Amino acid sequence: MLRGIPVMLRPRYITIIFLVHFLCLLHSQERTFTVLLLPPKPITQTEATLAYLPVLYRSLEEQLTSSKFEVFPKEHLQSSGEYQAIQGETFLPAERVVPIGRSLNANIVVATTYGLEGNRMFIHIKGFDVRTSRLAAAVSETGFAGLAGFALCEQSALRFAESLSKYREQYDPNEPITLEAIVSLVFQSKDEGMLISLDGREPAGRIVQGELEVPYVPFKVDSTILVRKEKEGYYPEVERVALYPGENRILLKPLQKMFKNEVGVGWTLGESLGATVEYRRYLEPDYLFFSITERLYFQYDSLPGSHPVFHNDVSLSMGGYLFSPYNDRFRIGCSLGVGVVITSFTVSDMPVYTDYYLNLGSPFLELNYNPWAVFLILRVQYGLGMGNDFLGRGFFTIQQGGVPITIGVRRKW
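Per-chain numbering applies: the sequence of each chain, read as written, is numbered from 1 onward. Selection of residues for local features in this predicted model requires a pLDDT of at least 70, selection of side-chain atom pairs for listing and counting requires 80 or more, and totals for whole chains, interfaces and linings are taken over all residues. The side-chain figures draw on all heavy atoms in the structure; neither hydrogens nor water molecules are used.

1. A short note on the overall build of the chain
For step 1, the next point in the chain: Think of it this way: any DSSP run of H or I at least four residues long counts as a helix, any run of E at least two long counts as a strand, and we number them from the N terminus. Along the backbone of the chain there are 6 helices and 23 strands.
For step 2, the next point in the chain: Here the chain, with 413 residues, has 42% of them falling under the buried criterion.
For step 3, the next point in the chain: The contact criterion used is simple: two residues touch if any of their non-hydrogen atoms lie within 4.5 Å. Counting only contacts in the chain whose residues sit at least 6 apart along the sequence, the fraction spanning at least 24 positions is 58%.
For step 4, the next point in the chain: Areas reported here follow the Shrake-Rupley algorithm with a probe of radius 1.4 Å; residue values treat only the protein chains shown as occluding. Of the roughly 22,200 Å² of accessible surface on the chain, a fraction of 61% belongs to carbon and sulfur atoms. For every residue, the accessible area (1.4 Å probe, protein chains only) is compared with the maximum for its type, and the residue is labelled buried under 20%, exposed over 50%, or partly exposed between those bounds.

2. Focus: a positive patch on the surface
For step 1, the next point in the chain: Side chains of Lys257, Lys260, Arg281 and Arg411 sit close together on the surface and give a patch of like positive charge.
For step 2, the next point in the chain: With respect to the element layout, Lys260 can be found in the loop between β13 (246–251) and β14 (261–268). What makes a patch is a set of residues exposed beyond 30% relative accessible area and free of salt bridges, joined within 9 Å when like-charged and within 5 Å when nonpolar (Val, Leu, Ile, Met, Phe, Trp, Tyr). Definition used for salt bridges: Asp or Glu carboxyl oxygen within 4 Å of a side-chain nitrogen of Lys or Arg. The convention is simple: Lys and Arg are positive, Asp and Glu are negative, and His and the chain ends are not counted. Here the site of a charge means NZ on Lys, CZ on Arg, CG on Asp, or CD on Glu.

3. Considering the side chain of Asn248
For step 1, the next point in the chain: Structurally, the position occupied by Asn248 is in strand β13.
For step 2, the next point in the chain: Under this definition, polar contacts are N or O atom pairs within 3.5 Å; protein pairs additionally need one hydrogen-donor-capable and one acceptor-capable atom, and for neighbouring residues in sequence, both atoms have to be side-chain atoms. At 2.7 Å, the side chain of Asn248 and the backbone oxygen of Tyr244 are in polar contact.
For step 3, the next point in the chain: Excluding its chain neighbours within four sequence positions, the residues that come into contact with Asn248 are Ile182, Ser184, Leu185, Val186, Ala242 and Leu243.

4. Here's the deal with the sheet that holds strand β10 (residues 211–213)
For step 1, the next point in the chain: What the 3 strands build is an open sheet, ordered β10-β7-β13; its pairing is mixed. Across the chains shown, the open sheet's two edge strands, defined by having one partner strand only, are β10 and β13. When strand polarity is set aside, the average angle formed by the axes of neighbouring strands in this sheet is 20°.
For step 2, the next point in the chain: Sheet topology places strand β7 (residues 182–188) next to β13; 6 bridges connect them, and they run parallel. Whether two strands pair comes down to DSSP finding at least two bridges between them. Note on geometry: axes are C-alpha line fits, over the in-contact stretch for helices, and angles between N-to-C directions span 0 to 180 degrees.

5. Some thoughts on the pairing of strand β19 (residues 353–369)
For step 1, the next point in the chain: In this sheet, β19 lies alongside strand β18 (residues 330–344) in antiparallel orientation, the contact comprising 13 bridges. Note on β19: the bridge partner recorded for Val341 is Asp355.
For step 2, the next point in the chain: Examined bridge by bridge, β19 and strand β21 (residues 381–384) share 3 bridges and lie antiparallel to one another. Within the sheet, the bridge partner assigned to Asn359 lies in β21 and is Gln381.
For step 3, the next point in the chain: Two elements, β19 and strand β20 (residues 372–378), share 6 bridges in a ladder whose sense is antiparallel. Residue pairing in the sheet places Tyr369 in a bridge with Trp372 of β20.

6. Observations concerning the sheet that holds strand β12 (residues 237–242)
For step 1, the next point in the chain: Taken in spatial order, the 4 strands make up an open sheet running β9-β8-β11-β12, and their pairing is antiparallel. Both edges of this open sheet fall to β9 (203–206) and β12, since each of them pairs with a single strand only. Averaged over all neighbouring strand pairs, the angle between strand axes comes to 25°, with direction disregarded.
For step 2, the next point in the chain: In this sheet, β9 lies alongside strand β8 (residues 195–198) in antiparallel orientation, the contact comprising 3 bridges.

7. A closer look at the pairing of β14
For step 1, the next point in the chain: In this structure, β14 lies alongside strand β15 (residues 274–284), joined through 6 bridges in antiparallel fashion. Note that in β15 the partner of Gly266 across the bridge is Thr276.
For step 2, the next point in the chain: Counting the residues between successive antiparallel strands, the hairpin from β14 to β15 contains 5 residues, one of them, Gly270, with a positive phi of roughly 90°.
For step 3, the next point in the chain: Alignment of β14 against strand β23 (residues 405–412), held across 7 bridges, turns out to be antiparallel. Bridged to Trp267 within β23 is Ile407.

8. Some words on the confidence of the model for the chain
For step 1, the next point in the chain: Values of pLDDT, the confidence the predictor places in each residue, fall between 0 and 100. Mean pLDDT over the chain works out to 87, with 90% of the residues at or above the 70 mark.
For step 2, the next point in the chain: Across residues 1–5, where pLDDT falls below 50, the model places 5 contacts with residues more than four positions away in sequence or in other chains.
For step 3, the next point in the chain: Segment residues 24–31 is flagged for pLDDT under 50; beyond a separation of four residues in sequence, or across chains, it makes 6 contacts in the model.

9. Re the pattern of salt bridges
For step 1, the next point in the chain: Scanning the model with the defined rule gives 15 salt bridges in all.
For step 2, the next point in the chain: Residue Glu271 pairs with Arg295 through a salt bridge whose shortest N-O separation is 2.3 Å. A residue pair is termed long-range when its members are at least 10 positions apart, and Glu271 in the loop between β14 and β15 and Arg295 in strand β16 (residues 288–299) qualify at 24 residues.
For step 3, the next point in the chain: Across the pair Lys412 and Asp286 runs a salt bridge, and its minimum N-O distance is 3.3 Å. Highlighted residues: Lys412 in strand β23 and Asp286 in the loop between β15 and β16, separated in sequence by 126 residues.
For step 4, the next point in the chain: A relative accessible area of 1% means that Lys412 is categorised as buried.
For step 5, the next point in the chain: Accessibility expressed as a relative area gives 1% for Asp286, which makes it buried.
For step 6, the next point in the chain: Where salt bridges share partners, they join Glu262, Glu278, Arg280, Glu366 and Arg410 into one cluster.

Structure, rendered in C-alpha coordinates:
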(Lines give C-alpha, C1' and ligand atoms only; values in the text may rest on other atoms or scores of the structure.)
Protein backbone atom coordinates (compact mmCIF):
# COMPACT_ATOMS: atom_id res chain seq x y z
CA MET A 1 0.00 0.00 0.00
CA LEU A 2 1.06 3.60 -0.80
CA ARG A 3 -0.91 5.92 1.51
CA GLY A 4 -4.05 3.93 1.03
CA ILE A 5 -3.57 3.32 -2.71
CA PRO A 6 -3.09 -0.33 -3.70
CA VAL A 7 0.22 -1.13 -5.33
CA MET A 8 -1.58 -2.51 -8.39
CA LEU A 9 -3.07 0.95 -9.07
CA ARG A 10 0.23 2.83 -9.09
CA PRO A 11 0.85 2.55 -12.88
CA ARG A 12 -2.57 4.05 -13.62
CA TYR A 13 -1.93 7.10 -11.43
CA ILE A 14 1.56 7.51 -12.81
CA THR A 15 0.12 7.51 -16.36
CA ILE A 16 -2.52 10.12 -15.44
CA ILE A 17 0.10 12.37 -13.82
CA PHE A 18 2.32 12.04 -16.91
CA LEU A 19 -0.53 12.93 -19.29
CA VAL A 20 -1.53 15.97 -17.23
CA HIS A 21 2.09 17.13 -17.15
CA PHE A 22 2.42 16.61 -20.94
CA LEU A 23 -0.76 18.56 -21.68
CA CYS A 24 0.42 21.39 -19.50
CA LEU A 25 3.71 21.52 -21.35
CA LEU A 26 1.89 21.47 -24.69
CA HIS A 27 -0.44 24.24 -23.59
CA SER A 28 2.51 26.24 -22.35
CA GLN A 29 4.30 25.80 -25.68
CA GLU A 30 1.27 27.11 -27.59
CA ARG A 31 0.93 30.08 -25.25
CA THR A 32 4.56 31.08 -25.67
CA PHE A 33 4.61 30.95 -29.52
CA THR A 34 4.97 34.68 -30.01
CA VAL A 35 3.93 36.61 -33.12
CA LEU A 36 4.97 40.11 -34.10
CA LEU A 37 2.15 41.49 -36.23
CA LEU A 38 3.26 44.40 -38.40
CA PRO A 39 0.55 46.90 -39.44
CA PRO A 40 -0.73 46.07 -42.97
CA LYS A 41 0.83 48.05 -45.83
CA PRO A 42 -1.60 49.48 -48.44
CA ILE A 43 -0.30 49.74 -52.01
CA THR A 44 -1.80 53.21 -52.38
CA GLN A 45 -2.60 55.72 -49.65
CA THR A 46 -6.18 56.49 -50.71
CA GLU A 47 -9.16 56.99 -48.44
CA ALA A 48 -10.88 53.89 -49.82
CA THR A 49 -7.79 51.75 -49.27
CA LEU A 50 -6.96 53.03 -45.78
CA ALA A 51 -10.49 52.19 -44.59
CA TYR A 52 -9.57 48.51 -44.58
CA LEU A 53 -6.34 48.86 -42.56
CA PRO A 54 -7.78 48.75 -39.00
CA VAL A 55 -10.20 45.96 -39.92
CA LEU A 56 -7.47 43.82 -41.45
CA TYR A 57 -5.12 44.36 -38.49
CA ARG A 58 -7.85 43.65 -35.92
CA SER A 59 -8.99 40.52 -37.77
CA LEU A 60 -5.44 39.15 -37.82
CA GLU A 61 -4.92 39.96 -34.16
CA GLU A 62 -8.18 38.30 -33.11
CA GLN A 63 -7.70 35.17 -35.21
CA LEU A 64 -4.11 34.65 -34.04
CA THR A 65 -5.06 35.22 -30.41
CA SER A 66 -7.97 32.78 -30.64
CA SER A 67 -5.54 30.24 -32.14
CA LYS A 68 -3.45 30.56 -28.92
CA PHE A 69 -0.66 32.68 -30.39
CA GLU A 70 0.75 35.44 -28.22
CA VAL A 71 0.59 38.64 -30.30
CA PHE A 72 2.93 41.45 -29.33
CA PRO A 73 1.14 44.70 -28.44
CA LYS A 74 1.38 47.23 -31.25
CA GLU A 75 3.08 49.70 -28.90
CA HIS A 76 6.23 47.53 -28.82
CA LEU A 77 6.95 48.47 -32.42
CA GLN A 78 7.34 52.17 -31.64
CA SER A 79 10.56 51.48 -29.75
CA SER A 80 12.05 49.39 -32.57
CA GLY A 81 14.59 51.23 -34.69
CA GLU A 82 14.43 48.44 -37.27
CA TYR A 83 10.69 49.04 -37.70
CA GLN A 84 11.11 52.79 -38.07
CA ALA A 85 13.60 52.13 -40.90
CA ILE A 86 10.98 50.41 -43.08
CA GLN A 87 8.15 52.90 -42.69
CA GLY A 88 8.45 54.09 -46.28
CA GLU A 89 8.49 50.58 -47.77
CA THR A 90 5.43 48.73 -49.06
CA PHE A 91 6.69 45.26 -50.01
CA LEU A 92 8.52 43.66 -47.09
CA PRO A 93 10.62 40.54 -47.77
CA ALA A 94 12.10 38.34 -45.05
CA GLU A 95 15.43 40.18 -44.92
CA ARG A 96 13.61 43.44 -44.03
CA VAL A 97 11.22 42.19 -41.34
CA VAL A 98 13.05 39.32 -39.65
CA PRO A 99 15.51 41.71 -37.89
CA ILE A 100 12.50 43.46 -36.32
CA GLY A 101 11.20 40.19 -34.93
CA ARG A 102 14.67 39.25 -33.76
CA SER A 103 15.07 42.50 -31.83
CA LEU A 104 11.83 41.77 -29.92
CA ASN A 105 12.49 38.02 -29.44
CA ALA A 106 9.44 36.96 -31.46
CA ASN A 107 9.01 33.52 -33.01
CA ILE A 108 7.10 34.76 -36.07
CA VAL A 109 6.87 38.14 -37.76
CA VAL A 110 3.87 38.81 -40.01
CA ALA A 111 3.94 41.25 -42.96
CA THR A 112 0.74 42.12 -44.87
CA THR A 113 0.24 43.95 -48.16
CA TYR A 114 -3.14 44.81 -49.68
CA GLY A 115 -4.65 47.05 -52.31
CA LEU A 116 -7.54 47.85 -54.65
CA GLU A 117 -7.78 47.38 -58.41
CA GLY A 118 -11.04 48.85 -59.60
CA ASN A 119 -13.81 47.02 -57.77
CA ARG A 120 -11.47 44.18 -56.76
CA MET A 121 -9.34 43.83 -53.64
CA PHE A 122 -6.27 41.69 -53.04
CA ILE A 123 -4.56 40.72 -49.78
CA HIS A 124 -1.15 39.06 -49.29
CA ILE A 125 -0.16 37.89 -45.79
CA LYS A 126 3.22 36.31 -45.02
CA GLY A 127 4.60 34.96 -41.77
CA PHE A 128 8.36 34.43 -41.40
CA ASP A 129 10.16 32.24 -38.89
CA VAL A 130 12.49 34.65 -37.10
CA ARG A 131 15.10 32.00 -36.30
CA THR A 132 15.50 30.60 -39.83
CA SER A 133 14.03 33.42 -42.01
CA ARG A 134 11.93 30.69 -43.62
CA LEU A 135 8.41 31.41 -44.87
CA ALA A 136 6.20 29.79 -42.22
CA ALA A 137 2.76 30.59 -43.64
CA ALA A 138 1.30 32.63 -46.47
CA VAL A 139 -2.16 33.52 -47.79
CA SER A 140 -3.19 35.32 -50.98
CA GLU A 141 -6.84 36.30 -51.40
CA THR A 142 -8.77 38.30 -53.99
CA GLY A 143 -12.39 39.37 -54.03
CA PHE A 144 -14.79 42.26 -54.43
CA ALA A 145 -14.11 45.50 -52.58
CA GLY A 146 -16.76 47.62 -50.87
CA LEU A 147 -18.61 45.94 -48.02
CA ALA A 148 -17.46 42.54 -49.29
CA GLY A 149 -13.87 43.71 -48.75
CA PHE A 150 -14.34 43.69 -44.96
CA ALA A 151 -15.50 40.08 -45.11
CA LEU A 152 -12.47 39.30 -47.28
CA CYS A 153 -10.22 40.74 -44.53
CA GLU A 154 -11.74 38.39 -41.96
CA GLN A 155 -11.55 35.41 -44.28
CA SER A 156 -7.88 36.08 -45.08
CA ALA A 157 -7.04 36.43 -41.39
CA LEU A 158 -8.78 33.14 -40.56
CA ARG A 159 -6.97 31.25 -43.33
CA PHE A 160 -3.63 32.69 -42.26
CA ALA A 161 -4.16 31.72 -38.62
CA GLU A 162 -5.03 28.17 -39.70
CA SER A 163 -1.93 27.98 -41.88
CA LEU A 164 0.33 29.27 -39.12
CA SER A 165 -1.21 26.79 -36.67
CA LYS A 166 -0.18 23.94 -39.00
CA TYR A 167 3.35 25.31 -39.04
CA ARG A 168 3.39 25.38 -35.23
CA GLU A 169 2.31 21.74 -35.10
CA GLN A 170 5.36 20.65 -37.09
CA TYR A 171 7.75 23.30 -35.77
CA ASP A 172 11.31 22.02 -35.46
CA PRO A 173 13.50 24.13 -33.15
CA ASN A 174 16.56 22.35 -34.57
CA GLU A 175 15.84 23.15 -38.21
CA PRO A 176 19.04 24.33 -39.96
CA ILE A 177 19.45 28.07 -40.31
CA THR A 178 21.89 27.95 -43.22
CA LEU A 179 20.90 28.11 -46.89
CA GLU A 180 20.98 24.34 -46.93
CA ALA A 181 17.31 24.78 -46.09
CA ILE A 182 14.65 25.84 -48.59
CA VAL A 183 14.02 29.44 -47.57
CA SER A 184 11.04 30.10 -49.84
CA LEU A 185 9.05 28.47 -52.61
CA VAL A 186 7.36 30.80 -55.13
CA PHE A 187 5.53 29.59 -58.23
CA GLN A 188 5.07 31.98 -61.15
CA SER A 189 2.59 31.51 -63.98
CA LYS A 190 0.59 33.42 -66.59
CA ASP A 191 -2.45 31.27 -65.72
CA GLU A 192 -4.15 33.63 -63.26
CA GLY A 193 -6.29 31.80 -60.71
CA MET A 194 -4.62 28.43 -61.30
CA LEU A 195 -4.90 26.09 -58.30
CA ILE A 196 -1.62 24.55 -57.10
CA SER A 197 -1.26 21.30 -55.14
CA LEU A 198 2.04 19.70 -54.09
CA ASP A 199 2.79 15.97 -53.92
CA GLY A 200 -0.84 14.98 -53.52
CA ARG A 201 -1.40 17.29 -50.53
CA GLU A 202 -4.27 19.71 -50.03
CA PRO A 203 -4.18 22.71 -52.42
CA ALA A 204 -1.47 25.21 -51.48
CA GLY A 205 -3.29 28.15 -53.08
CA ARG A 206 -3.98 29.92 -56.37
CA ILE A 207 -1.88 32.05 -58.67
CA VAL A 208 -2.67 35.70 -57.84
CA GLN A 209 -1.09 38.53 -59.83
CA GLY A 210 1.20 36.04 -61.52
CA GLU A 211 2.55 34.14 -58.53
CA LEU A 212 1.91 32.02 -55.44
CA GLU A 213 4.24 31.94 -52.46
CA VAL A 214 3.71 28.57 -50.81
CA PRO A 215 3.51 28.37 -47.02
CA TYR A 216 6.06 26.25 -45.22
CA VAL A 217 6.23 22.64 -46.39
CA PRO A 218 8.84 20.17 -45.12
CA PHE A 219 10.51 19.35 -48.42
CA LYS A 220 14.18 18.46 -48.53
CA VAL A 221 16.82 20.29 -50.50
CA ASP A 222 17.58 18.76 -53.91
CA SER A 223 14.35 16.79 -53.81
CA THR A 224 11.84 16.61 -56.66
CA ILE A 225 8.16 17.30 -56.09
CA LEU A 226 5.07 16.88 -58.26
CA VAL A 227 3.08 20.07 -58.82
CA ARG A 228 -0.54 19.56 -59.86
CA LYS A 229 -2.00 22.52 -61.78
CA GLU A 230 -5.75 23.01 -62.22
CA LYS A 231 -7.91 25.76 -63.70
CA GLU A 232 -11.49 25.78 -64.97
CA GLY A 233 -11.59 25.54 -68.75
CA TYR A 234 -8.08 24.07 -68.94
CA TYR A 235 -6.65 20.56 -68.84
CA PRO A 236 -5.13 19.68 -65.44
CA GLU A 237 -1.45 18.78 -65.58
CA VAL A 238 1.27 17.53 -63.25
CA GLU A 239 4.71 19.10 -63.52
CA ARG A 240 7.88 17.75 -61.92
CA VAL A 241 9.92 20.43 -60.13
CA ALA A 242 13.37 20.24 -58.48
CA LEU A 243 14.04 22.19 -55.27
CA TYR A 244 17.33 23.85 -54.36
CA PRO A 245 18.82 25.55 -51.28
CA GLY A 246 17.70 29.09 -50.52
CA GLU A 247 14.97 30.83 -52.50
CA ASN A 248 13.10 28.88 -55.17
CA ARG A 249 11.27 30.92 -57.83
CA ILE A 250 9.81 28.49 -60.35
CA LEU A 251 8.15 29.45 -63.62
CA LEU A 252 5.48 26.85 -64.33
CA LYS A 253 4.57 25.74 -67.82
CA PRO A 254 1.21 27.11 -69.02
CA LEU A 255 -1.86 24.90 -69.00
CA GLN A 256 -3.53 23.82 -72.23
CA LYS A 257 -6.91 25.42 -72.80
CA MET A 258 -9.92 23.24 -73.56
CA PHE A 259 -10.82 24.50 -77.04
CA LYS A 260 -14.48 24.62 -78.08
CA ASN A 261 -14.29 26.45 -81.41
CA GLU A 262 -12.11 26.15 -84.49
CA VAL A 263 -11.89 27.65 -87.95
CA GLY A 264 -9.80 26.31 -90.81
CA VAL A 265 -8.88 27.45 -94.29
CA GLY A 266 -7.50 25.22 -97.02
CA TRP A 267 -7.01 24.40 -100.65
CA THR A 268 -8.05 21.24 -102.48
CA LEU A 269 -5.87 19.49 -105.04
CA GLY A 270 -7.37 19.80 -108.50
CA GLU A 271 -9.26 22.94 -107.53
CA SER A 272 -6.57 25.54 -108.16
CA LEU A 273 -9.08 28.38 -108.41
CA GLY A 274 -10.80 27.86 -105.11
CA ALA A 275 -10.62 27.74 -101.32
CA THR A 276 -12.12 25.87 -98.39
CA VAL A 277 -13.42 27.32 -95.11
CA GLU A 278 -14.55 25.14 -92.20
CA TYR A 279 -16.00 26.00 -88.79
CA ARG A 280 -16.07 23.45 -85.99
CA ARG A 281 -17.98 23.55 -82.74
CA TYR A 282 -16.67 21.01 -80.25
CA LEU A 283 -19.27 19.05 -78.32
CA GLU A 284 -16.44 17.56 -76.26
CA PRO A 285 -13.46 19.95 -76.20
CA ASP A 286 -10.72 18.92 -78.65
CA TYR A 287 -12.32 15.52 -79.43
CA LEU A 288 -15.89 15.39 -80.74
CA PHE A 289 -17.15 18.11 -83.07
CA PHE A 290 -19.90 19.31 -85.40
CA SER A 291 -18.71 21.18 -88.49
CA ILE A 292 -19.93 23.15 -91.47
CA THR A 293 -17.66 23.32 -94.52
CA GLU A 294 -17.79 25.60 -97.54
CA ARG A 295 -15.71 24.76 -100.64
CA LEU A 296 -16.03 27.39 -103.36
CA TYR A 297 -14.08 26.95 -106.58
CA PHE A 298 -14.48 27.56 -110.31
CA GLN A 299 -13.16 26.27 -113.60
CA TYR A 300 -12.20 28.50 -116.53
CA ASP A 301 -10.10 27.60 -119.57
CA SER A 302 -9.72 31.24 -120.84
CA LEU A 303 -10.62 30.24 -124.44
CA PRO A 304 -12.77 32.61 -126.56
CA GLY A 305 -16.43 32.15 -125.81
CA SER A 306 -15.75 30.18 -122.62
CA HIS A 307 -17.72 30.79 -119.45
CA PRO A 308 -16.51 30.06 -115.92
CA VAL A 309 -18.14 27.17 -114.09
CA PHE A 310 -18.79 27.77 -110.39
CA HIS A 311 -18.98 24.99 -107.81
CA ASN A 312 -20.23 25.58 -104.29
CA ASP A 313 -19.78 22.55 -102.02
CA VAL A 314 -21.57 22.89 -98.65
CA SER A 315 -21.48 20.07 -96.11
CA LEU A 316 -22.46 19.30 -92.52
CA SER A 317 -20.44 16.72 -90.62
CA MET A 318 -19.84 15.04 -87.28
CA GLY A 319 -16.35 13.93 -86.45
CA GLY A 320 -13.78 13.14 -83.83
CA TYR A 321 -10.18 12.25 -83.13
CA LEU A 322 -9.16 8.59 -82.90
CA PHE A 323 -6.72 7.49 -80.19
CA SER A 324 -5.12 10.95 -80.21
CA PRO A 325 -4.83 12.96 -76.97
CA TYR A 326 -5.33 16.71 -77.22
CA ASN A 327 -1.60 17.42 -76.83
CA ASP A 328 -0.21 14.85 -79.30
CA ARG A 329 1.94 16.33 -82.04
CA PHE A 330 0.28 14.10 -84.66
CA ARG A 331 -3.45 13.52 -84.45
CA ILE A 332 -5.72 11.45 -86.66
CA GLY A 333 -9.48 11.53 -86.94
CA CYS A 334 -12.46 10.96 -89.16
CA SER A 335 -15.73 12.69 -90.05
CA LEU A 336 -18.98 11.76 -91.77
CA GLY A 337 -22.06 13.66 -92.83
CA VAL A 338 -24.04 15.02 -95.77
CA GLY A 339 -23.56 17.75 -98.33
CA VAL A 340 -24.51 19.24 -101.66
CA VAL A 341 -22.49 20.55 -104.61
CA ILE A 342 -24.22 23.41 -106.43
CA THR A 343 -22.89 23.88 -109.98
CA SER A 344 -23.55 26.88 -112.23
CA PHE A 345 -22.25 27.21 -115.79
CA THR A 346 -23.02 30.97 -115.74
CA VAL A 347 -25.01 30.60 -118.97
CA SER A 348 -28.54 31.97 -118.95
CA ASP A 349 -30.19 29.01 -120.67
CA MET A 350 -28.47 26.34 -118.51
CA PRO A 351 -29.94 25.21 -115.18
CA VAL A 352 -28.20 25.17 -111.80
CA TYR A 353 -27.32 21.62 -110.82
CA THR A 354 -27.46 20.16 -107.30
CA ASP A 355 -25.52 17.00 -106.42
CA TYR A 356 -26.44 15.65 -102.99
CA TYR A 357 -23.87 13.34 -101.44
CA LEU A 358 -22.87 11.41 -98.35
CA ASN A 359 -19.59 11.91 -96.55
CA LEU A 360 -18.94 8.22 -95.89
CA GLY A 361 -15.99 8.74 -93.54
CA SER A 362 -13.32 11.22 -94.48
CA PRO A 363 -10.06 10.58 -92.58
CA PHE A 364 -7.77 13.48 -91.67
CA LEU A 365 -4.28 13.95 -90.26
CA GLU A 366 -3.10 16.96 -88.23
CA LEU A 367 0.27 18.33 -87.23
CA ASN A 368 -0.69 19.85 -83.89
CA TYR A 369 0.82 23.07 -82.49
CA ASN A 370 -2.04 24.17 -80.23
CA PRO A 371 -3.89 26.36 -80.88
CA TRP A 372 -2.66 26.05 -84.48
CA ALA A 373 -2.66 22.91 -86.64
CA VAL A 374 -1.73 21.98 -90.19
CA PHE A 375 -4.15 19.41 -91.64
CA LEU A 376 -4.65 17.04 -94.56
CA ILE A 377 -8.06 15.49 -95.26
CA LEU A 378 -9.23 12.91 -97.80
CA ARG A 379 -12.80 13.73 -98.81
CA VAL A 380 -14.71 10.48 -99.41
CA GLN A 381 -17.93 11.78 -101.00
CA TYR A 382 -20.54 9.52 -102.58
CA GLY A 383 -23.05 11.15 -104.93
CA LEU A 384 -26.67 10.03 -104.56
CA GLY A 385 -27.75 10.87 -108.12
CA MET A 386 -30.88 12.61 -106.86
CA GLY A 387 -32.84 15.42 -108.50
CA ASN A 388 -31.21 17.72 -111.00
CA ASP A 389 -27.73 16.27 -110.53
CA PHE A 390 -24.67 16.83 -112.68
CA LEU A 391 -21.99 14.50 -111.28
CA GLY A 392 -24.20 11.41 -111.09
CA ARG A 393 -24.23 8.51 -108.66
CA GLY A 394 -20.87 7.30 -107.35
CA PHE A 395 -17.72 8.55 -105.66
CA PHE A 396 -16.63 12.08 -106.50
CA THR A 397 -13.15 12.41 -107.98
CA ILE A 398 -11.03 15.24 -109.32
CA GLN A 399 -10.13 15.58 -113.00
CA GLN A 400 -6.64 14.21 -112.41
CA GLY A 401 -8.11 11.14 -110.74
CA GLY A 402 -8.49 10.16 -107.10
CA VAL A 403 -10.55 11.53 -104.22
CA PRO A 404 -10.30 15.23 -103.35
CA ILE A 405 -7.46 15.97 -100.90
CA THR A 406 -7.54 19.24 -98.95
CA ILE A 407 -4.58 20.74 -97.12
CA GLY A 408 -4.75 23.78 -94.86
CA VAL A 409 -4.38 25.42 -91.47
CA ARG A 410 -6.70 25.48 -88.43
CA ARG A 411 -6.92 27.84 -85.46
CA LYS A 412 -8.71 26.98 -82.20
CA TRP A 413 -10.06 29.19 -79.44
